[in-house]
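Chains, contacts and geometry: an overview
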Amino acid sequence: MTSPRDSALVRAARKQPVTHTPVWFMRQAGRSLPEYRAVREGVGMLESCRRPELVTEITLQPVRRHGVDAAIFFSDIVVPLAAVGVDLDIVAGVGPVVAEPFRTRADLDRLPELTPEHVPYITESVRLLVAELGATPLIGFAGAPFTLASYLVEGGPSKNHEHTKALMYGDPRLWHDLCARLAQVSGAFLDVQAAAGASAVQLFDSWVGALPRADYEEYVLPHSRTALAAVAGRDVPTIHFGVGTGELLPSMGSAGADVVGVDYRVSLTDALARLGGRYAVQGNLDPALLFAPWPALETKVRAIVEEGRAAPGHIFNLGHGVLPSTDPDVLTRVVELVHEVGAR
Ligand code: CP3
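Counting starts from 1 at the beginning of each chain's written sequence and moves along it residue by residue. Under the rules for a predicted model, residues below a pLDDT of 70 receive no local features and side-chain atom pairs below 80 are neither given nor counted, while totals for whole chains, interfaces and linings still include all residues. Excluded from the side-chain calculations are hydrogens and water; all other atoms, namely the structure's heavy atoms, are used.

For the chain, the name recorded in an unreviewed UniProt entry is Uroporphyrinogen decarboxylase, with Pedococcus ginsenosidimutans as its organism. UniProt positions are given in the numbering used here, feature names are shortened, and annotations may be inferred rather than shown by experiment. Under Subcellular location (unreviewed entry), UniProt gives the following word-for-word description of the chain: "Cytoplasm". Recorded in UniProt for the chain, the comment headed Subunit (unreviewed entry) runs: "Homodimer."

**A short note on unusual backbone geometry**
Asn284 follows Gly283 through a cis peptide bond whose omega is -5°. In this description a helix means any DSSP run of H or I spanning at least four residues, a strand means any run of E spanning at least two, and both kinds are numbered starting from the N terminus. Turning to its location among the elements, Asn284 is positioned in strand E8 (residues 280-285). The phi angle at Lys15 is positive, at roughly 60°, despite the residue not being glycine. Within the chain, Asp235 stands out as a residue other than glycine whose phi angle is a positive 60°.

**A few points about the side chain of Glu154**
Counting through the fold element by element, Glu154 comes out in helix H7 (residues 145-154). Under the scheme applied here, a residue whose accessible area is under 20% of the maximum for its type counts as buried, over 50% as exposed, and between as partly exposed, the area being computed with a 1.4 Å probe on protein chains only. His is not counted, nor are the chain ends; Lys and Arg add positive charge and Asp and Glu add negative charge. Whenever Lys or Arg places a side-chain nitrogen within 4 Å of a carboxyl oxygen from Asp or Glu, that contact is recorded as a salt bridge. The buried charged residue Glu154 lacks any salt bridge, with Arg103 as its nearest oppositely charged partner at 5.3 Å. A distance of 3.2 Å separates the side chain of Glu154 from the backbone nitrogen of Glu162, its partner in a polar contact. A polar atom in the side chain of Glu154 sits 2.7 Å from the side chain of Thr164. The residues touching Glu154, leaving out its near neighbours within four places in the chain, are Pro101, Arg103, Ala149, His161, Glu162, His163 and Thr164. Within 3.5 Å is the distance limit for a polar contact, defined as a pair of N or O atoms, with the added protein rule that one can donate a hydrogen and the other accept it, and that residues adjacent in sequence qualify only through two side-chain atoms. What makes two residues a contact is simply this: any of their non-hydrogen atoms within 4.5 Å.

**Observations concerning the site of the ligand**
By nearness alone, 26 residues border the ligand, and Arg27, Tyr36, Asp76, Ser206 and His320 come closest of all. A distance of 2.7 Å separates an oxygen atom of the ligand from a polar backbone atom of Arg27. A distance of 2.9 Å separates an oxygen atom of the ligand from a polar atom in the side chain of Arg31. Summarising the interface, the protein chains cover 91% of the accessible area of the ligand, which totals 860 Å² for the free molecule. When each cavity is represented as a set of grid points, the ligand is found to reside in the largest pocket. Those elements that provide at least two residues to the shell around the ligand are helix H2 (34-40) and strand E3 (95-98). Counted by class, the shell around the ligand contains 16 nonpolar, six polar and four charged residues. The near set for a molecule or strand comprises every residue that places at least one heavy atom within 4 Å of it. All accessibility values rest on the Shrake-Rupley procedure with a 1.4 Å probe; residue burial counts only the protein chains present in the view. For each structure, a 1 Å grid was placed over the protein atoms alone; sets of points admitting a 1.4 Å probe that cannot get out are labelled cavities, open sets with protein on both sides within 12 Å along at least five of seven lines are labelled pockets, and lining residues have an atom within 4 Å of a point. To be counted as sitting in a cavity or pocket, a molecule needs more than half of its atoms within 2 Å of that site's grid points. Here the term charged refers only to Asp, Glu, Lys and Arg, the term nonpolar to Ala, Val, Leu, Ile, Met, Phe, Trp, Tyr, Cys and Pro, and the term polar to all other amino acids, Gly among them.

Here it is, written out as structure tokens:
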């Protein structure tokens with residue numbers, strides 16, 4: 001393996017033959033690692049994302065420790081929103097909190113277009129990382145319009161997304177205008193990372209599983225498609241992920257990604273049937289299984305790798321992010337097992 005283009009991750013995403021099943025973990029860079037907690041001591045989350053040396057160190061930590069097949073860029077989905085001037089903070093143990101929630105047409109004025117000049121620290125961080133990573137691919141990412149809208153409209157994390165849905169169903173024109181702006185921000189944020197050298201990008205629509213499929217297609221899909229289309233000319237494979245999206249999988253595929261993320265509620269076998277064999281898949285170990293005794297975890301990891309062999313491409317991952325209290329040694333062991341069982 002000589003360059004990220006030839007890596008198992010990029011090849012699997014492109015449905016090309018691989019030497020082994022590639023593996024990485026959502027939230028692999030974060031609180032499960034003592035070395036992360038040490039370097040983050042006393043530095044706020046948003047501030048951390050604006051310091052290229054720190055971003056580089058944190059992004060590299062899980063690559064060094066676990067031997068994963070890709071690095072996920074250390075940042076957050078709300079970083080580009082803060083960059084264009086939205087007053088928000090990321091509160092430890094809570095998540096993104098927006099000072100003034102978005103509810104009216106006048107609020108659109110608080111969401112200007114994102115240009116690379118808004119995020120010079122992202123370009124610099126990606127460049128530093130690409131130089132350090134060598135043949136290991138860097139995955140850039142952005143939040144998808146629905147998930148970003150949920151934080152803006154609710155003002156913070158939400159279980160039921162009631163204000164978001166009230167706006168979406170109650171004022172569809174404003175909803176579409178808001179999502180069009182978010183699609184621009186999201187797409188431009190992906191493009192900045194791809195332009196600086198990221199080898200793949202992932203669009204996170206973490207909370208879109210809250211919608212039925214017909215409404216997803218009407219209110220969300222066109223905007224996610226716009227965000228993904230922003231990198232169409234960059235020759236980087238794209239991954240599209242959400243939680244609780246079993247019913248939405250075929251529609252999420254049609255947004256234009258190469259890889260569809262599968263959460264743990266749907267088996268890879270069922271997901272492949274729903275997707276009609278057209279996409280590579282990523283997933284789908286339940287992050288809570290990392291707390292189970294090794295034999296139970298091993299059985300599940302082996303089963304997922306085997307199911308993935310039927311896919312046109314399979315990237316092993318969790319069904320959602322690493323939980324902060326996960327034992328990092330278990331993650332390392334899972335990587336070793338996936339590489340062993342997934343060898344071709
Ligand atoms: O390895 C990685 O994946 C790190 C990069 C990363 C972060 N956030 C760092 C982070 C990525 C890809 C994200 C994306 C993100 N942020 C998503 C989509 C992925 C998902 O989990 O569904 C979402 C929904 C957010 C919004 C957000 N930011 C949440 C829900 C939280 C957790 C709040 C908490 O403290 O429990 C954050 C903060 C955040 N983003 C942390 C990290 C490492 C924790 C902050 C800290 O360590 O102080």
